[in-house]
Amino acid sequence: MESILNIRQLSKTYQGGGRTLQVLNDINFMVEAGSTLSIVGPSGSGKTTLLGLCAGLDRASSGSVELNNITLNELSEDERAQVRNRYVGFIFQNFQLLPTLTALENVMVPLELRGEKNIRPRAMELLEKVALADRMHHYPLQLSGGEQQRVSLARAFSNNPRILFADEPTGNLDAETSDRVIKLLFDLNKEAGTTLVIVTHNLELAALTNRIIRIKGGHLISDEYNAPVTAGTLQAE
Amino acid sequence: MDRERFVYKKKLNLPWLFLMAWRNSRRNRSRLFLFVSSIVLGIAALVATFSLGDNVRKDIDQQAQTLVGADLVIESNKPVSPKIRPLLDSLGDQRSEERTFASMIYFSKSGGTRLVQVRALQGDFPYYGSLETTPATAGKAFRLQQQALVDKTLMLQFNAQVGDSIQIGEVSFAIAGVLNKAPGRTGLSTTVAPPVYIPLKYLEQTGLVQKGSRVAVNFYYKFKPATDIDQLVKTIEPRLEKAGLDYDTVEERKRNTGRSFEDVNEFLTLISFIALLLGCIGVASAIHIYIREKISSIAILRCLGVNSGQAFLIYLIQIVGIGIIGSILGALLGTLIQQVLPAVIKDFLPIEINAGISWPSIFKGIGLGAIIAALFGLLPLLSVRKVSPLFTLRLSLEPVRSWGDPFRWLVYVLILGFIVVFTWWQVHSWAQAIIFTVSILTAFLVLAGIARLLMWAVRRFFPASWSYLWRQGFANLYRPNNQTLILVTTIGLGALFISTLYFIQSMLINRVTLTGSGNQPNMVLFDIQNTQKDSVAALTRQYKLPIIQQVPIVTMRIESINGKTAADVKKDTSSQISERAFEWEFRVTYRDSLTDSEKLTAGKLSGPVKYPGDRVLISMEEQYAKRINVKLGDSLVFNVQGALVHTVVGSMRQVDWQRVQTNFRVVFPPGVLEPAPQFHVLITRVPSPEVSAQFQQAVVRQYPNISIIDLHLILKVLDDVLSQIGFVIRFMAGFSIVTGLIVLIASVLISKYQRMQESVLLRTLGASRRQILTITALEYFFLGALAAATGILLSLVGSWALARYSFKTPFAPDWWPILILFVAIAALTILVGIFNSRSVVNRPPLEVLRKEV
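Residues numbered from 1 in each chain as written. Chains lettered and ligands numbered in written order. Predicted model: local features only at pLDDT ≥ 70, side-chain atom pairs only at ≥ 80, totals over all residues. Heavy atoms only, no water.

Just checking my understanding: could you explain the interface of chain B and chain A for this structure?
When the parts of a complex come together, some accessible area is lost, and that lost area is often taken as the interface size. Opposite the 41 residues of chain B that make contact, chain A presents 45 residues. Contact between chain B and chain A buries roughly 3700 Å² in total, counting both sides, with carbon and sulfur atoms accounting for 55%. Applying the counting criterion to the chain B and chain A interface returns five salt bridges. For Glu-77 of chain A, the salt bridge is made with Arg-302 of chain B, and the minimal N-O distance between the two is 3.4 Å. At the boundary of chain B and chain A, one finds twelve residue pairs in polar contact (both at pLDDT 80 or more). At the level of elements, helix H1 (14–24), helix H8 (250–304) and helix H9 (308–338) of chain B are the ones that each hand at least two residues to the side of chain B that touches chain A. Examining the composition of the side of chain B that touches chain A, we find that eight residues originate from one element, H8 of chain B, more than from any other. For the side of chain B that touches chain A, a count of residues per class yields 17 nonpolar, twelve polar and twelve charged. (Contact = heavy atoms within 4.5 Å. Buried area = accessible area lost by both parts, 1.4 Å probe. Salt bridge = Lys/Arg side-chain N within 4 Å of Asp/Glu carboxyl O. Polar contact = N/O pair within 3.5 Å; in protein donor to acceptor, adjacent residues only side chain to side chain. Helix = DSSP H or I, 4+ residues; strand = E, 2+ residues; numbered from the N terminus. Nonpolar A, V, L, I, M, F, W, Y, C, P; charged D, E, K, R; others polar.)

Here it is as structure tokens:
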């Protein structure tokens, strides 16, 4: 199967307060195109750092990240920005919508950046899919948390990404809203055939993906392919 | 799939960048407008001064001929030699002659006396423009009869009416009309000795023109329109020069008037420029905070694929956009202000100033505003390029530090370069431009340094034992998002500016009033003839007035220095002797002792010359000797109204020119000049205006040729002049001060957004309205007080240096106004701070949180 993300001997260290902090140490894995993957681990384990490196938001101290067969380490920040715009979608725990843009404009931005034409209908269609057709001219501050995350979902899928990175996508939502957002996320993902990488504490959410990578203290401690989730399996964990 | 598949294409997509800049500015436009307002006044002041300059230049061009009133004026401050007379009588198609001198006049009805400038006129001068009089016909009619035109200020002062009579010397003239305006005269130039016109044919009868009298002669010429005046002047110049005559053409006067105006205009432009710079610092600081708040938006855009250049441009477009809007608003306001400026400076210029709209000035102002807003905006904007997309994942990331960024240093260089070049453009001197820039930079650096020192000191010596409110207010001075640096700099600079203006003005006025107080002389009688010397002294004593000084004065010119005449010096390009030495008409006295305002610095003062043929050892004032390059032992030949006197420089003196008494550049020994035509000066002190009036009347009645200068009058005139100049400076400095206030309001408002969350949290935790207000008031009190104190202190140092080294006067500032200024600035800062924070304390926390956070 075609690989979309290939991580080799990835390490990340930070310098601060006169000492070196090793956040990630010799991480290796590969993600097949179209698959779904969760990265789980306790707070401070390095999972968000790993997500940042995989998505090209940061540069590794050593090792390599290949995204869609492009070695990100070799690219400048501006080149990585273009890679993100072409191949990557994002969903953040705190939604990260641009506060001065309406819902519709937020969805349109990735497409506008690509210089595509006739993007308005596509953005509107996506907002309809996330059931926000009637709120598309509202600003983020005028939307609830769940609504903001749904706009974020529409934006993430607007540029037909090859891979979607989600950082604790339900971390700021109540249970009911979370369920709705997760369902939407997986439905849209299935429809678009996008690779989905989720960083989460939420094992229920992780269980919905077909592979789970566990990180602890900057080390990859397990990499398991996941059977279809049942309540019993989750309880056993 | 391989690396080749990804080819980086750097696209700018300008329309989208403009769209994003527009979208990004939503919900922030009122704040952006606040940034704009900081530069509006600076641009307004600049456009107003640019427009004024533009209009005055046009007006000078258009009214050039009326500045002179003729095509050519030939001037002499001594009687014209008969040799040159035929030439003078042959020039022009129409000619007029005028003799002017200072004299006292006596108003017969009121009994008042006053020093005036008598202008005895023959011919149809002015040929361009007119003597504007009331009634209008009087300007021509007075020439035909024994009548006079009297300056309107005099008419008002002595409550005189047309038809009344005035006495000038021996002759009584009927007042034909009120003189409102004469060509080339400014309101101020006529204040000390207002003009009175009489027909030339009556001059002789007045008995005022005697040998040794200081009478200037002007010949006015009108030529046929096609005449090349400059060419003509070139031809006759050597002959005029030989005869000691000077000349003035329309072009020459245009240049001179333009030059003196340009000095004023340059000064006003620099004051306006300071207001703009102050505004720009406000803009830079506001943008800095604006960008800090936008970091998360920038990070999101970077996540979505916006490259660093695009992100930078989105914000640069916003800043340049607000710069242009601010500049347009400023240009509009400046054009309105320009309608007022001519009224403010009309007394300083001899022309009618029109307040037309000057499009070049408007465009210059707008361009300048956009450039300078962009330049100052670039400093905080550069950090936009460094915002990492990682901020979307971790908001706790360290803020971007950009000191190592070479572009940052490039921007600093660009800003300094721009200030130097702009200043040079105004003053046309690199040295002055650099001094101006360095002074401004020093003031900024000192203020910024003090602000940083304060932050360090507060942190280092934090008063942990103080109450919570004091600690909180104190801690706000150094905590993240503090406004200490910007507020101390802008408020401090405003305070520095206001107090320096105040100090200089009071220094000038004090210096003048000092000379007029105590036992200092306050009345000068001059033009006393040899024969009148003793009787005038007796009259003075009769009025129980002291004779502080009575000295003879002889006028003369230098004929040669060490054997070299003016012509030799002109030919010899290597000569060190100044050509100006030969042009100067010296007023010389003779004595063998020093006065108390003199000090001998070299040589020995000569005793009386006893025998003809003895060496005549003169004494020179050392500064003047240095200027014309004359040393001890040099031989000088003086032309004493036709007679040549050979002298040697025997001593040098240091003279205190500040004293109200007769001081001389050249002092002769007794025994040489006694037979020469001369007049005497008597200096006295009158105890009151009443005695002054009585004494003046007695002198004028008995000795109509004697002129009197009353120092009270001079003081009043000087006070008027200083008030007018002070008003112009305060008017322009007002822009800086108001800009400082706007920057203050903007900074406080911006800090409000910064502090909102914290104040709401404090409110939520139960802090009372009073407690929040106290914390806010304390913080702004510390800021305002420190900024004002620093600004005033800097100004004290600067003013002391000015007093010590430039004005050479003791510096004794009046502390009350300084204290009032300090309290006013500190109070204003607190007031603005509290006023802007009222929304936090007056509303429930949740409402504020929903709305603002």
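In this structure, what is going on with the confidence of the model for chain B? I would like to understand it.
Mean pLDDT for chain B: 82, with 89% of residues reaching 70 or above. Averaged pLDDT values for the elements of chain B fall to 55 in helix H24 (residues 845–852) of chain B and rise to 94 in strand E19 (residues 666–668) of chain B. (pLDDT = per-residue confidence, 0-100.)

Where do I start with the nonpolar core in this structure?
The nonpolar side chains of soluble globular proteins are, as a tendency, buried together. Val-109 of chain A together with Phe-273, Leu-276 and Leu-381 of chain B are the most contacted members of the largest nonpolar core, which totals 117 residues. If you tally residues by element for this core, the top one is H8 of chain B, at 25 residues. Non-local contacts of Leu-381 of chain B, meaning those with residues more than four positions away in its chain, are made with Ile-287, Ile-291, Phe-312, Tyr-315, Leu-316 and Ile-319 of chain B. Counting 37 residues, the second largest nonpolar core, distinct from the first, contains Leu-5, Leu-10, Leu-75 and Tyr-87 of chain A. (Core = buried A, V, L, I, M, F, W, Y, C linked by side-chain atoms within 4.5 Å. Buried < 20%, exposed > 50% of the residue type's maximum accessible area, 1.4 Å probe, protein only.)

Help me out: how do you make sense of the pairing of strand E7 (residues 171–181) of chain B in this one?
Regular strands place their side chains on alternate faces of the sheet. All names here are of chain B. Here three bridges tie strand E4 (residues 132–134) to E7, and the two strands are oriented antiparallel to one another. Bridged to Thr-133 within E7 is Leu-179. Bridge count for strand E5 (residues 147–151) against E7 is five bridges, and the pairing is parallel. Looking at E7, one finds that Asp-151 is bridged to Leu-179. Where strand E6 (residues 165–168) lies against E7, four bridges are found, and the strand directions are antiparallel. Its bridge partner lying in E7, Ile-166 is registered against Phe-173. Taking the residues that link successive antiparallel strands as the turn, the E6-E7 hairpin has two residues, and the phi of Gly-169 there is positive, at about 60°. (Pairing = 2+ DSSP bridges.)

Would you take a moment to explain the domain arrangement of chain B for this structure?
All names here are of chain B. What the domain assignment lists for chain B is domain 1 (72–226) and domain 2 (549–684). Residue-level contacts link five residues of domain 1 with six residues of domain 2. Summing the contributions of domain 1 and of domain 2, the shared interface buries around 500 Å²; its carbon and sulfur component is 49%. At the surface where domain 1 touches domain 2, the tally comes to zero salt bridges. Applying the counting rule to domain 1 against domain 2 returns zero residue pairs in polar contact (both at pLDDT 80 or more). Taken together, the residues of the side of domain 1 that touches domain 2 break down into no nonpolar, two polar and three charged. (Domains from an automatic or database assignment.)

Explain the packing of aromatic side chains to me, please; I cannot follow it from the model alone.
For any pair of aromatic rings, the description rests on two quantities: the centre-to-centre distance and the angle between the ring planes. Residue and element names in this part refer to chain B. On inspection of all chains with the given rule, the structure shows 27 aromatic pairs over all chains. With a centroid separation of 6.3 Å and an interplanar angle of 70°, the aromatic rings of Phe-142 and Tyr-197 are classed as edge-to-face. You can see Phe-142 sitting in the loop between helix H4 (138–141) and E5 and its partner Tyr-197 sitting in strand E8 (residues 195–199), a full 55 residues away along the chain. No difference in accessibility class separates Phe-142 from Tyr-197, as the two residues are buried. Note on Trp-409 and Tyr-412: the rings are 5.4 Å apart at their centroids and 55° apart in plane angle, and the pair reads as tilted. You can see Trp-409 and its partner Tyr-412 sitting in helix H12 (residues 406–427), three residues apart, about one turn around the helix. On the basis of relative accessibility, which here comes to 44%, the residue Trp-409 falls in the partly exposed class. Each residue in the set Phe-50, Phe-273, Phe-418, Phe-422, Trp-425 and Phe-436 is aromatic and connected to the rest through ring pairs, giving one cluster. Taking the ring centre of Phe-50 as reference, the NZ or CZ of Lys-364 above it sits at 4.5 Å. (Phe/Tyr/Trp six-rings, centres within 6.5 Å; stacked < 30°, edge-to-face > 60°. Lys NZ or Arg CZ within 6 Å of the ring centre and 35° of its normal.)

Help me understand the packing of helix H11 (residues 359–381) of chain B against H12 of chain B in this model?
Two numbers describe a pair of packed helices, the interaxial angle and the distance between the axes. Residue and element names in this part refer to chain B. Look at H11 against H12: their axes get within 8 Å of each other, and the N-to-C directions meet at 155°. The pairing of H11 with H12 is recorded here as roughly antiparallel in orientation. Remark: the crossing between H11 and H12 carries left-handed chirality. Residues Lys-364, Leu-368, Ile-371, Ile-372, Leu-375, Phe-376, Leu-378 and Leu-379 of H11 form the contact with H12, whose own contacting residues are Arg-408, Val-411, Tyr-412, Leu-414, Ile-415, Phe-418, Phe-422 and Trp-425. Of the residues assigned to the contact of H11 with H12, the class counts are 14 nonpolar, no polar and two charged. (Axes fitted to C-alpha atoms, helices over the stretch in contact; angles between N-to-C directions. Parallel < 35°, antiparallel > 145°, perpendicular 65-115°, else oblique. Left-handed = near helix turned anticlockwise from the far one by under 90°.)

What am I meant to see in the sheet that holds strand E6 (residues 88–91) of chain A here?
Two modes of strand pairing occur in sheets, parallel and antiparallel, and in both the strands are linked by backbone hydrogen bonds. Residue and element names in this part refer to chain A. Across the sheet, which stays open at both edges, the six strands sit in the order E6-E7-E8-E3-E9-E10 with mixed pairing between neighbours. This sheet does not close on itself; its edge strands, each paired only once, are E6 and strand E10 (219–225). Between one strand axis and the next, the sheet turns by 15° as a mean value, whatever way the strands run. The sheet contact formed by E6 and strand E7 (residues 163–167) spans four bridges and is parallel.

Quick question: what am I supposed to make of a nonpolar patch on the surface here?
On the surface, Phe-33, Ile-324, Ile-325, Ile-328, Leu-329 and Leu-332 of chain B cluster together into a nonpolar patch covering about 530 Å² of accessible area. In terms of residue count, H9 of chain B provides more of the nonpolar patch than any other element does, five residues in total. (Patch = residues over 30% accessible without salt bridge, like charges linked within 9 Å, V, L, I, M, F, W, Y side chains within 5 Å. Areas by Shrake-Rupley, 256 points an atom, 1.4 Å probe, with all protein chains shown as cover.)

Just checking my understanding: could you explain the confidence of the model for chain A for this structure?
The predicted coordinates ought not to be read in detail in places where the model reports low pLDDT. In the predicted model, chain A carries a mean pLDDT of 87, and 94% of its residues have values of at least 70. Segment residues 230–237 of chain A: pLDDT under 50, and six contacts once partners within four positions in sequence are set aside and those in other chains are kept.

Would you mind showing me how to read the environment of Leu-828 of chain B here?
Residue and element names in this part refer to chain B. Mapped onto the fold, Leu-828 is located in helix H23 (residues 815–842). When its relative accessible area of 35% is taken as the criterion, Leu-828 is described as partly exposed. It is 28 Å that separates the C-alpha atoms of Leu-828 and Gln-724, two residues lying 104 residues apart in sequence.

Before we go on, may I ask you to explain the pattern of salt bridges in this structure?
Pairing is possible between side chains that carry opposite charge, provided their charged atoms lie close to one another. According to the stated counting rule, one finds 29 salt bridges over all chains in the structure shown. We note a salt bridge from Glu-191 of chain A to Lys-129 of chain A, for which the minimum N-O separation is 2.6 Å. Linking Glu-191 of chain A in helix H6 (residues 175–192) with Lys-129 of chain A in helix H4 (residues 120–129), this pair joins segments that are 62 residues apart in sequence. With a relative accessible area of 34%, Lys-129 of chain A lands in the partly exposed category. Asp-223 of chain A is the salt-bridge partner of Arg-211 of chain A, the closest N and O atoms lying 2.8 Å from each other. You can see Arg-211 of chain A sitting in strand E9 (residues 211–216) and its partner Asp-223 of chain A sitting in strand E10, a full twelve residues away along the chain. Taking the relative accessible area as the measure of exposure, Asp-223 of chain A reaches 32% and is therefore partly exposed. In this structure, a network of salt bridges that share partners links the residues Glu-77, Asp-78, Arg-80 and Arg-84 of chain A together with Arg-302 of chain B.

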